[in-house]
Amino acid sequence: QVQLVESGGGLVQAGGSLRLSCAASGRTFSYYAMGWFRQAPGKEREFVAAISWGGGTTYYADSVKGRFTISRDNAKNTVYLQMNSLKPEDTANYYCAAKYGGVAAVRRGDYDYWGQGTQVTVSS
């Protein structure tokens, strides 16, 4: 089992920045690739960013490329999502997820464990 706890969400104005954190516990963190997904009201959960076990490979949704950066600190069992130039359409509940095996992935179904989410609201 892996437990994931997100933090760092909140209310921010358009153009602002937030950094989300996801703290993992339970199993060896470096065995897992990590991902961030988001879900807005009435919409399906969608991929945002992913990072491989060592951080050498990252993937981003087209909608966030150039604005969001995913990173990880295996010594702290934590993955981060730095979000800059935020837009109202980035408003959603953001979830972190862990995928055993270390290879980053973009499909929701590839992930084994999920956190409870943290709300991000961007005002115009």
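In this report, we go over the structure that sits alongside the text. Since this is a predicted model, take the numbers as computed values, not measurements.

As enumerated under the stated definition, the model contains seven aromatic pairs in all. Ring-pair connections join several aromatic residues into one group, and the members of that group are Tyr 31, Tyr 32, Tyr 100 and Tyr 113. Seen from the ring of Trp 114, Arg 45 lies directly overhead, with NZ or CZ sitting 5.1 Å from the centre. The ring of Phe 29 has Arg 72 sitting right over it, with the charged end atom 4.4 Å from the ring centre.

Going residue by residue along strand E11 (residues 118-123), you find Thr 118, Val 120 and Val 122 tucked away on one face and Gln 119, Thr 121 and Ser 123 left uncovered on the opposite face. As paired strands, strand E2 (residues 10-13) and E11 are joined by four bridges and run parallel to one another. Note that in E11 the partner of Gln 13 across the bridge is Ser 123. Strand direction decides the pairing type here: strand E9 (residues 92-100) and E11, joined by three bridges, are antiparallel. For Asn 93, the partnering residue across the bridge sits in E11 and is Gln 119.

With that settled, the discussion passes to the pattern of salt bridges. All chains considered together, the criterion is met by five salt bridges. Asp 90 serves as the salt-bridge partner of Arg 38, at 2.9 Å between the closest nitrogen and oxygen. Remark: Asp 90 occurs in the loop between strand E8 (78-83) and E9 and Arg 38 occurs in strand E4 (residues 32-39); sequence separation between them is 52 residues. The exposure classification of Arg 38 matches that of Asp 90, with both residues buried. The salt bridge partner of Arg 67 is Asp 90, with a shortest N-O separation of 2.7 Å. Of the two residues, Arg 67 sits in the loop between strand E6 (58-60) and strand E7 (68-73) while Asp 90 sits in the loop between E8 and E9, which places them 23 residues apart along the sequence. Among the residues examined, Arg 67 registers a relative accessible area of 11% and is labelled buried. Here Asp 90 falls in the buried class, since its relative accessible area comes to 0%. A network of salt bridges, in which partner residues are shared, links Arg 38, Glu 46, Arg 67 and Asp 90.

What counts, and at which threshold
Once a new chain begins, its residue numbering starts again from 1 and follows that chain's sequence as written. Given that the model is predicted, a residue must reach a pLDDT of at least 70 before its local features are reported, and side-chain atom pairs must reach 80 or more before they are shown or counted; all residues, however, enter totals for whole chains, interfaces and linings. Computation of side-chain values: all heavy atoms of the structure, hydrogens and water removed. Pairing of aromatic rings covers Phe, Tyr and Trp, the last counted by its six-membered ring, and requires centre-to-centre distances within 6.5 Å; plane angles under 30 degrees mean stacked, over 60 mean edge-to-face, and any other angle means tilted. Criterion for a charge above a ring: Arg CZ or Lys NZ at most 6 Å from the ring centre, at most 35 degrees from the ring normal. Only protein chains enter the accessibility calculation, which uses a 1.4 Å probe. A residue is then buried if its area is under 20% of the maximum for its type, exposed if over 50%, and partly exposed in between. Strands are runs of DSSP state E lasting at least 2 residues, helices are runs of H or I lasting at least 4, and numbering of each runs from the N terminus. Two strands make a pair as long as DSSP finds a minimum of two bridges between them. One speaks of a salt bridge when a side-chain nitrogen belonging to Lys or Arg is within 4 Å of a carboxyl oxygen belonging to Asp or Glu.

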